[in-house]
Amino acid sequence: MPCGHLPAVFVVAQRESVEAFFSQNGYITYDALRKLTVPQPKQYLQAKYVDGIALETVFVHSSIVSQLDAAAEEAIVTNTWFDALPLLPPSFGISDVAKLVSLCPSVQRALKEGVAVILAETCMLSNTLIRSIIEKFENQARELAQKKSVIIANVTKDAEDHSGTPPVGTELDADDGGDTTQGKNARRKKGSHGVGANKPMPETDLVSGKGGKGKKRGLKNKHAISGLAGELGISAPKSTKTSLSSKGR
């Protein structure tokens, strides 16, 4: 409802409530005036309070800037930092706070002289503090690098010291399927005495033909010896078995 159509007593009550809140807190939001049905709250406050500052969401008194300027100056002198956001009511938006920080004379002077910087719009840090932080991080990084180098050197040394020792589990038994020399020798030795192992046939069995299949091999050997003796021009012995037995004696 337009303000001109309101009862005079209501209009007076509106102005009194606005003035009371603004004088007590140093700021007032535009939404608060809209709830009081004040049309064009920003223009209304600018006309009523000439020394005030119209921000995006709130209208503030110049004393707010003085309070922030004192905090900024202290941070510059002590080489520390300050954040204006927690120093102001939550109804202030980020853009409102950033504007107030930029209006502080000490902040303007520090930025001009290059002794401070603005971070995240609402924070101010002195260059001395920034340098000390960087130096601290560099020292920590250097210490971590040195510790890492020592660890790597120790691990490398341990690996070199143990490089001549065969890994655990390489000395396997022949039954475990190992490929070591001991395993191979053990398998050869075991195979030579195993049940059913192939044994060399005695010479007498080859000649006499005893022992199953050895009989046929003995006959073939007998004919082969006779043929060889004929080619060499010598007479074969009558009994190969007798000759081999006599030679053995």
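**Student:** I tried to follow the overall build of the protein on my own but got confused; where do I start?
**Tutor:** Within the protein, the regular secondary structure consists of 11 helices and six strands. Counting the 249 residues in the protein, one finds 23% classified as buried. For the protein, restricting intrachain contacts to residue pairs at least 6 apart in sequence, the fraction spanning at least 24 positions comes to 49%. Carbon and sulfur atoms make up 58% of the accessible area of the protein, which amounts to about 17,800 Å² in all.

**Student:** What should I look at first to understand the environment of proline 105 in this one?
**Tutor:** In this structure, proline 105 sits in helix α6 (residues 105–113). Using a relative accessible area of 42% as the deciding quantity, one classes proline 105 as partly exposed. Counting along the chain gives 36 residues from proline 105 to aspartate 69, while the straight-line C-alpha distance between them is 6.6 Å.

**Student:** It is not clear to me how the pattern of salt bridges should be interpreted in this structure. Could you clarify?
**Tutor:** A side chain of one charge can pair with a side chain of the opposite charge when the charged atoms of the two come close. Inspection of the entire model under this criterion finds two salt bridges. Across the salt bridge formed by glutamate 19 and lysine 48, the nearest N and O atoms sit 2.5 Å from each other. Of the two residues, glutamate 19 is situated in helix α1 (residues 8–25) and lysine 48 in helix α3 (residues 41–48); the sequence distance between them amounts to 29 residues. Among the ionic pairs, aspartate 31 bridges to arginine 34, the shortest N-O distance being 2.8 Å. Pair noted here: aspartate 31 and arginine 34 are both in helix α2 (residues 30–35), with a separation of three residues, about one helical turn.

**Student:** What is the right way to read the sheet that holds strand β1 (residues 27–29) from this model?
**Tutor:** Paired through their backbone hydrogen bonds, the strands of a sheet run either parallel or antiparallel. Spatially, the three strands line up as an open sheet ordered β1-β3-β2, and their pairing is antiparallel. Either end of the sheet is taken by a strand with one partner, and the two such strands are β1 and β2 (53–54). Of the strand pairs in this sheet, β1 and strand β3 (residues 58–60) are connected by three bridges, and their pairing is antiparallel. Residue pairing in the sheet places tyrosine 27 in a bridge with valine 60 of β3.

**Student:** Hey, could you run me through the packing of aromatic side chains in this one?
**Tutor:** The way to describe two aromatic rings as a pair is by their centre distance and the angle between their planes. With the rule as written, the count across this model stands at five aromatic pairs. These aromatic residues form a ring-pair network of at least three members: Phe21, Tyr27 and Phe92.

**Student:** What should I look at first to understand the pairing of strand β5 (residues 116–119) in this one?
**Tutor:** Each regular strand carries side chains that alternate between the two faces of the sheet. Sheet analysis places β5 next to strand β6 (residues 123–126), joined by four bridges and oriented antiparallel. What sits directly across from leucine 119, in β6, is cysteine 123. From the end of β5 to the start of β6, which pair antiparallel, there are three residues, and alanine 120 there has a positive phi angle of about 55°.

**Student:** Is there a simple way to think about the nonpolar core in this case?
**Tutor:** Nonpolar side chains in soluble globular proteins tend to be buried together. In this structure, Val60, Leu88, Phe92, Leu100 and Met124 are the most contacted members of the largest nonpolar core, which totals 23 residues. When residues of this core are traced back to their parent elements, those giving at least two are β3, α4 (62–77), α5 (94–103) and α6. When residues of this core are assigned to their parent elements, the largest contribution, six residues, is made by α4. If near-sequence neighbours (up to four positions away) are discounted, methionine 124 is found in contact with Ala72, Ala75, Ile76, Thr80, Trp81, Phe82, Val107, Ala116, Val117 and Ile118. Counting nine residues, the second-largest nonpolar core is a separate cluster that includes Phe22, Ile28, Leu45 and Phe59.

Quick notes on the rules
- Residues numbered from 1 in each chain as written.
- Predicted model: local features only at pLDDT ≥ 70, side-chain atom pairs only at ≥ 80, totals over all residues.
- Heavy atoms only, no water.
- Helix = DSSP H or I, 4+ residues; strand = E, 2+ residues; numbered from the N terminus.
- Buried < 20%, exposed > 50% of the residue type's maximum accessible area, 1.4 Å probe, protein only.
- Contact = heavy atoms within 4.5 Å.
- Areas by Shrake-Rupley, 256 points an atom, 1.4 Å probe, with all protein chains shown as cover.
- Salt bridge = Lys/Arg side-chain N within 4 Å of Asp/Glu carboxyl O.
- Pairing = 2+ DSSP bridges.
- Phe/Tyr/Trp six-rings, centres within 6.5 Å; stacked < 30°, edge-to-face > 60°.
- Core = buried A, V, L, I, M, F, W, Y, C linked by side-chain atoms within 4.5 Å.

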